[in-house]
Protein chains: 2
Amino acid sequence: MIIDCHGHYTTEPKALLDFRKAQVASLDDPSRRPRKDSLRVSDDEIRDSVEGAQLRLQRARGTDLTIFSPRASGMAHHIGDEATSLDWAQASNELVYRVTTLFPRNFVGVCQLPQVPGVAPANCIGELRRCVEDFGFVGCNLNPDPSGGHWTSPPLTDPWWFPLYEAMCDLDVPAMVHVSASCNPNFHATGAHYINADTTAFMQLLASDLFTRFPRLRLVIPHGGGAVPYHWGRYRGLAMALSRPPLPELMGDNIFFDTCVYHQAGIDLLVKVVPIDNILFASEMLGAVKDIDPETGHHFDDTKRYIDALPMPAADKQKIFEGNARRAYPRLSARF
Amino acid sequence: MIIDCHGHYTTEPKALLDFRKAQVASLDDPSRRPRKDSLRVSDDEIRDSVEGAQLRLQRARGTDLTIFSPRASGMAHHIGDEATSLDWAQASNELVYRVTTLFPRNFVGVCQLPQVPGVAPANCIGELRRCVEDFGFVGCNLNPDPSGGHWTSPPLTDPWWFPLYEAMCDLDVPAMVHVSASCNPNFHATGAHYINADTTAFMQLLASDLFTRFPRLRLVIPHGGGAVPYHWGRYRGLAMALSRPPLPELMGDNIFFDTCVYHQAGIDLLVKVVPIDNILFASEMLGAVKDIDPETGHHFDDTKRYIDALPMPAADKQKIFEGNARRAYPRLSARF
């Protein structure tokens, strides 16, 4: 079984986008706020939205199951207040849930959290529980910067986040650490903000003993771990300077990187330096980069080809493609 | 000749640090501001500060010339106002100048700019001119985020920066794009803020046509180009999606990456994907990571070993070690 741990519903039906537009337009006048139950999407619309896209690419590329969440850049936690953020997370998660019920062998859900800048993330626990317990979701996306590029929240290692971590451990679900759109003109979303957030999160975790307090907390850092594998020597040296454990021990059963790195040389580096047990197959489709690489004739984000090309024992590839995902997302195995 | 394009005066005499402390202590009471001419450092103190450190390592590692600038994290442009920032930049640059006069074959200067958050960078032109014309400096360090981790300035491609670029082109000097200390608890300085800034700057440049307007502007992105080489496929794909030229053409004679990447696998990747003409040898010594790598028995930041180990034609290594630095810093050749 080949599990892609990082897919977004970037082909969402227009009605969902219209709902969001109406929500944003009503921010100054809550009386005009659209009701979540006004959102109407038929099963056929949902089927159509993935049949020619994610499902077609699963078949074409030979992957089986996508861990599927709402569009990352669409979360935009910096827009709106607690009420709008909850409505928006719920509407987005409910559509992902419907995808997973229509195609239960192809998709399993990961939820968007109703984060709001300046609001303690404990407000997300209810929606997390609903998605895990009622919808069978296996994890969540956690935005380390709900301000959208201004980085006004405490670091991920701050007690600010602990109530949410307690709920995650209780539910036995991991979080993918994933920012959303950037409203800071310095940061291109997919070209800077995403990658910076990955690097930032890893360094926060390196410098703290968060996992001593939460030994069952698991965090997936997407986009190949940001800059970390390329600067593995820097991080090994920083761990030494900060009297922290060696990086493989520090990652342990707690930190995972995905394979959303869109060229062979990058994947080669990733598997050379990062422990195989901490790498999860992923493509981020349909995601950040949609074109065909003229150098290979294949899509940049067809990351399975890069893994297939690795001179690596089959048992290690099986870990990357399936085994590690089952460790990081234990609720997967209850479903499959 | 082996030119290290990225060295900082991180062994500065205590008197300089004391001056800065007094300056910071006087921020609320300008009448107590220390006078720059109160700073007294003897030639012997300067000799002592580098003899056992940068000079010893040049000899031990077999490098010849270090392009030398004040401590990057010490710039701290977020502290103080225009007057203190100018005093601090001048004091720091004058000490670097004295290092270059005491050891003219070993060090050539690059200046700190008196940037201040919210102040147009045109205020830096005077100090840049002084350092280049009076001190023989060959470039400057340009902080894309003088707020120290809040990213409140416009992107590097905004006209906000153009007057400084005009002066740089007029003087024929490049800038290394280098942030300073982080006052945002999310960002560890050397483990996140530095690397993020590199990635951010590259993506800003990728998305703009800055070099059409400033064809003679040259920017060095340190720390191996941040996350960019590891995500080369992502950036190639983003360039396509944004209808921008291929990355080698985009970098052209305008964007250079250094080799401050502290392990062999990272350097291997760098030279595999980035055009050799755009790579400058550097070690960032004495810098971010000072320990010995237990896996190799050599210092993490002894980057010359990684270049030496590359299976690469000698002519290409000569470009990385010397030729490209002479292209990026034309004033070097006037001096050597």
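Note: the structure precedes this text.
Residues numbered from 1 in each chain as written. Chains lettered and ligands numbered in written order. Predicted model: local features only at pLDDT ≥ 70, side-chain atom pairs only at ≥ 80, totals over all residues. Heavy atoms only, no water.

**Student:** How should I be thinking about the relation of the copies chain A and chain B in this particular structure?
**Tutor:** Between the two copies of the chain lies a relationship made up of a rotation around an axis and a movement along it. Rotating chain A by 180° about the axis while translating it 0.0 Å along that axis superimposes it on chain B, leaving an RMSD of 0.0 Å. Both copies are brought into coincidence by an operation consistent with a two-fold rotation axis. Scanning chain A for the C-alpha nearest the rotation axis identifies Ala-227 of chain A, at a separation of 2.1 Å. (Least-squares fit on C-alpha atoms with pLDDT ≥ 70 in both.)

**Student:** I'm lost on the pattern of salt bridges in this one. Help?
**Tutor:** Pairs may arise between side chains of opposite charge once their charged atoms sit close together. Residue and element names in this part refer to chain B. One pass over the full model with this rule turns up 48 salt bridges over all chains. Salt-bridge contacts for Lys-36 lead to Glu-94; the nearest nitrogen and oxygen are separated by 2.8 Å. Remark: Glu-94 occurs in helix H4 (residues 82-102) and Lys-36 occurs in the loop between helix H1 (14-25) and helix H2 (43-61); sequence separation between them is 58 residues. On the accessibility criterion, Lys-36 (22% relative accessible area) is partly exposed. (Salt bridge = Lys/Arg side-chain N within 4 Å of Asp/Glu carboxyl O. Helix = DSSP H or I, 4+ residues; strand = E, 2+ residues; numbered from the N terminus. Buried < 20%, exposed > 50% of the residue type's maximum accessible area, 1.4 Å probe, protein only.)

**Student:** Help me out: how do you make sense of the interface of chain A and chain B in this one?
**Tutor:** Where interface size is quoted, it is often the accessible area lost as the parts come together. Of the residues lining the interface, 55 residues belong to chain A; the matching set on chain B comes to 55 residues. Contact with chain B buries surface across chain A, with Asn-186, Tyr-230 and Arg-234 of chain A losing the most and accounting together for 20% of the total. Taken together, chain A and chain B are joined by six salt bridges. Where Arg-236 of chain B meets Glu-295 of chain A, a salt bridge forms, and the shortest distance between an N and an O atom there is 3.6 Å. At the junction of chain A and chain B, the tally comes to 28 residue pairs in polar contact (both at pLDDT 80 or more). At the level of elements, helix H7 (189-206), helix H9 (232-241) and helix H11 (264-273) of chain A are the ones that each hand at least two residues to the side of chain A that touches chain B. Of the residues that constitute the side of chain A that touches chain B, the class distribution is 29 nonpolar, 19 polar and seven charged. (Contact = heavy atoms within 4.5 Å. Buried area = accessible area lost by both parts, 1.4 Å probe. Polar contact = N/O pair within 3.5 Å; in protein donor to acceptor, adjacent residues only side chain to side chain. Nonpolar A, V, L, I, M, F, W, Y, C, P; charged D, E, K, R; others polar.)

**Student:** Would you take a moment to explain the sheet that holds strand E9 (residues 279-280) of chain A for this structure?
**Tutor:** Strand pairing within a sheet occurs via backbone hydrogen bonds; the two strands may be parallel or antiparallel. All names here are of chain A. Read across the open sheet, the six strands follow the order E4-E5-E6-E7-E8-E9; overall the sheet is parallel. For this open sheet the edge positions go to strand E4 (111-112) and E9, each flanked by a neighbour on one side alone. Inspection of the sheet shows strand E5 (residues 140-142) paired to strand E6 (residues 175-177) by three bridges, in the parallel sense. Each bridged residue has a counterpart across the sheet, and for Cys-140 the counterpart in E6 is Ala-175. Contacts between H7 and the sheet are confined to E6, strand E7 (219-221) and strand E8 (255-258), with E7 contributing the most and set at about 140° to the helix. (Pairing = 2+ DSSP bridges. Axes fitted to C-alpha atoms, helices over the stretch in contact; angles between N-to-C directions.)

Treat this as a map of the structure, not an account of what it does.
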